[in-house]
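Survey of secondary and tertiary structure
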Amino acid sequence: MGEAEFGFNTSEWFQERILLPFFKQNLKDIKDDKDAKAVSLATATMFETGANRWREFDTWPPKQGKDVVLYMGANEKLLDQKESKGGSSDYISDPNKPVPHSDKVSRGWDRPYMAEDQRFTARRSDVLVFNDEVATEDQTIAGSIDINLWVSTDQSAGDFVVKLVDVFPGMDETTNKVDKETGNRHELVRWGIIRGRFRNSMSTPEPFEPNKPTLVKFELLDVLHTIKRGHKLQIQVQSSMFPFMDMNPQKYVDNIFKAKPEDYVKAQHKLYHSEQYPSSIEFKVIAH
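Quick caveat, the model's predicted, so the values are computed rather than measured. Here the residue numbers are simple positions, counted from 1 along each chain's written sequence. Since the coordinates come from a predicted model, pLDDT governs what is reported: local features require at least 70, and pairs of side-chain atoms require 80 or more to be given and counted, while whole-chain, interface and lining totals use all residues. For side-chain calculations, the full set of non-hydrogen atoms in the structure is used, while hydrogens and water are omitted.

**Let's talk about the overall build of the protein chain**
Helical segments are the DSSP runs of H or I of at least four residues, strand segments are the runs of E of at least two, and each set is numbered from the N terminus. Broken down by element type, the protein chain carries three helices and 13 strands. Taking the principal axes of the C-alpha coordinates as reference, the protein chain spans close to 70 × 50 × 40 Å. Counting the 288 residues in the protein chain, one finds 43% classified as buried. Long-range pairs, those at least 24 residues apart, make up 78% of the contacts in the protein chain between residues at least 6 apart in sequence. Carbon and sulfur atoms make up 48% of the accessible area of the protein chain, which amounts to about 16400 Å² in all. Where the 39 positive side-chain charges of the protein chain centre and where its 45 negative ones centre are 2 Å apart. Three exposure classes are used, based on accessible area relative to the maximum for each residue type with a 1.4 Å probe and protein chains only: buried under 20%, partly exposed in between, and exposed over 50%. When checking whether two residues touch, look at their non-hydrogen atoms; a contact exists if any pair is within 4.5 Å. Only the protein chains shown count as cover for residues, with accessible areas throughout obtained via the Shrake-Rupley method and a probe of 1.4 Å. Counted charges follow a simple rule, with Lys and Arg positive, Asp and Glu negative, and His plus the chain ends left uncounted. For this purpose, a charge sits on NZ of Lys, CZ of Arg, CG of Asp or CD of Glu.

**Overview of the packing of aromatic side chains**
Side-chain rings of Phe, Tyr and Trp, where Trp is taken by its six-membered ring, are said to pair if the distance between their centres is within 6.5 Å; with planes under 30 degrees apart they count as stacked, over 60 as edge-to-face, and otherwise as tilted. Applying the stated criterion across every chain yields a total of 13 aromatic pairs. Their ring planes at 65° and their centres at 6.4 Å tell us that Y113 and W191 sit as a pair that is edge-to-face. Of this pair, Y113 sits in the loop between strand 5 (88–93) and helix 3 (119–122) while W191 is found in strand 9 (residues 186–195), placing the two residues 78 residues apart along the sequence. Aromatic rings pair up to connect F6, F8, W13, F14, F47 and W54 into one cluster.

**A short note on a nonpolar patch on the surface**
A surface patch of nonpolar side chains, amounting to about 470 Å² of accessible area, comprises F14, L19, F22, F23 and L27. Tracing the backbone through its elements, the reader meets L27 in helix 1 (residues 10–27). Taking the relative accessible area as the measure of exposure, L27 reaches 67% and is therefore exposed. Each patch groups residues whose relative accessible area exceeds 30% and which form no salt bridge, using 9 Å between like charges and 5 Å between nonpolar side chains of Val, Leu, Ile, Met, Phe, Trp and Tyr. One speaks of a salt bridge when a side-chain nitrogen belonging to Lys or Arg is within 4 Å of a carboxyl oxygen belonging to Asp or Glu.

**What to know about a negative patch on the surface**
Taken together, D67, D146, E219, D222 and E282 make up a surface patch of like negative charges. Relative to the helices and strands, E219 is located in strand 10 (residues 214–227). Judged by relative accessible area, E219 falls into the partly exposed class, the value being 43%.

**Some thoughts on the layout of surface pockets**
If a probe the size of a water molecule is rolled over the atoms, the empty space left behind becomes visible. Only protein atoms enter the 1 Å grid used here. Points where a 1.4 Å probe fits but cannot escape make up a cavity, open sets with protein on both sides within 12 Å along at least five of seven lines make up a pocket, and a residue lines them when an atom lies within 4 Å of a point. Grid points are joined across faces, edges and corners, and a volume is the space filled by probe spheres set on the points. Empty space within the largest pocket amounts to approximately 690 Å³. Lining the largest pocket are 26 residues, with T49, M114, V189, R190 and D222 sitting closest to its centre. Counting only elements with at least two residues in the lining of the largest pocket, the list comes to strand 1 (44–48), strand 9 and strand 10. Considering every element that reaches the lining of the largest pocket, the biggest residue donor is strand 10, with eight residues. By residue class, the composition of the lining of the largest pocket is 17 nonpolar, five polar and four charged. Any residue that is not Ala, Val, Leu, Ile, Met, Phe, Trp, Tyr, Cys, Pro, Asp, Glu, Lys or Arg is counted as polar, Gly included; the first ten are nonpolar and the last four charged.

**Some remarks on the nonpolar core**
Judged by nonpolar contacts, the single largest core of 31 residues is most densely connected at I145, L149, L233, I235, V237, I281 and F283. Apart from the residues lying within four places of it in its own chain, the contact partners of I145 are L164, F218, E219, L220, V223, I281, E282 and F283. Among buried residues, those of type Ala, Val, Leu, Ile, Met, Phe, Trp, Tyr and Cys that are joined through side-chain atoms within 4.5 Å constitute a nonpolar core.

**Quick word on helix 1**
If you check helix 1, its first and last C-alpha atoms are 24 Å apart, about what 18 residues at 1.5 Å a residue would give, namely 26 Å. A residue's bend is simply the angle between two axes: one fitted to the seven residues ending at it, one to the seven starting at it. The sharpest bend along helix 1 measures roughly 30° and falls at E16. By the N-cap criterion, in which a side-chain oxygen at the helix start approaches the backbone nitrogen of a residue two or three places on, helix 1 is capped by N9, the distance to S11 being 3.3 Å. Expected span, for any helix, means 1.5 Å times one less than how many residues it has. Each polar contact in these results corresponds to two N or O atoms within 3.5 Å; when the atoms are within protein, one needs to be able to donate a hydrogen and the other to accept it, and residues that are neighboring in sequence are counted only if both atoms are side-chain atoms.

**Let's talk about the pattern of salt bridges**
Evaluation of the coordinates by the stated rule reveals twelve salt bridges. The shortest N-O distance in the salt bridge between E48 and R55 comes to 3.2 Å. No difference in accessibility class separates E48 from R55, as the two residues are buried.

**Concerning the pairing of strand 8 (residues 159–167)**
In terms of residue burial, strand 8 counts as a mostly covered element, since nine of its nine residues are buried. Side chains of strand 8 alternate between two faces, with D159, V161, K163, V165 and V167 and F160, V162, L164 and D166 buried alike. For two strands to be treated as a pair, DSSP must find at least two bridges joining them. Sheet topology places strand 8 next to strand 9; nine bridges connect them, and they run antiparallel. In the sheet register, V161 faces strand 9, and the bridge partner there is I193. Pairing geometry for strand 8 and strand 11 (residues 232–238), over seven bridges, is antiparallel. Paired with V162 across the two strands is V237, which belongs to strand 11.

**Quick look at the environment of F120**
Structurally, F120 is set in helix 3. Distance from F120 to I18, taken between C-alpha atoms, is 37 Å for residues 102 residues apart in sequence. In contact with F120, other than residues within four places in its own chain, are P100, H101, S102 and D103.

**A word on unusual backbone geometry**
Here the amide bond leading from W60 into P61 is cis, since omega sits at 0°, within 30 degrees of zero. Along the chain, the position of P61 falls in the loop between strand 2 (53–57) and strand 3 (66–73). Each neighbour pair has its own omega, and for F242 with P243 the value is 0°, a cis peptide bond. Considering the arrangement of structural elements, one finds P243 in the loop between strand 11 and strand 12 (267–272). One non-glycine residue, N211, lies in the positive phi region at around 65°. On the secondary structure map, N211 appears in the loop between strand 9 and strand 10. Judged by relative accessible area, which is 53%, N211 ranks as exposed. Even without being glycine, Q250 reaches a positive phi, approximately 75°.

Interpretation note: all reported values are geometric properties and have no functional meaning in isolation.
Below, the structure is given as structure tokens:
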């Protein structure tokens with residue numbers, strides 16, 4: 001898909017191993033156990049990106065695994081414990097210069113953005129970046145990813161986009177030479193957005209109180225992805241993804257579709273990473 005490589009023809013595998021057996025199992029009479037065994041399917045058959053293979057599970061998400069919490073910290077770090085000191089990172093979100101959804105220039109949105117290299121956003125001053133340490137062994141993330149952001153804004157509205165990114169090593173692990181094709185690639189694994197007014201209720205929107213730390217929680221949809229040895233996990237936080245998502249005025253209005261030009265204002269958004277206000281991500285890691 002676009003710049004991403006999945007190792008083999010995944011569609012063909014799906015059609016032969018999942019789709020056809022499913023139709024046989026549900027649309028044809030199975031008369032004996034031998035036939036039943038031939039078309040039996042696992043409860044969940046998932047493609048594991050990163051490792052590029054199909055895996056079968058009795059339940060989804062898997063019951064067995066280790067719960068991991070990573071805290072956002074100073075110096076663009078992801079930490080395994082809360083920062084003991086108070087700290088925060090901030091950026092200016094400008095509706096006139098939104099973060100684009102893709103590095104490509106187009107009139108709409110392109111499907112390949114879903115696995116696109118994210119270095120073009122990591123370089124922007126209105127995108128916060130947090131990196132885990134380089135993985136010393138394969139780490140397989142399975143299921144949804146819970147996002148817990150302690151944020152504030154000097155305005156009264158704002159959106160928050162979180163991206164899970166797989167950062168490739170710059171050198172080939174076996175030859176120790178510069179990898180010219182995928183070296184240091186920042187591959188988008190999953191992203192999600194919450195419109196700040198709906199942080200507590202999707203039916204009862206509410207503004208932010210300016211400069212007041214507020215907890216914003218949401219989840220990134222399920223993944224089955226392996227951060228391979230030598231790679232590292234990265235989290236990016238931003239407040240626009242245009243034109244995939246419409247721009248938030250950042251001055252609270254009852255109906256965003258009736259916002260006036262003067263309602264679209266710059267906002268300084270702040271993300272806290274302290275013991276009192278610990279912004280974090282939570283996910284489950286399973287055996288590789």
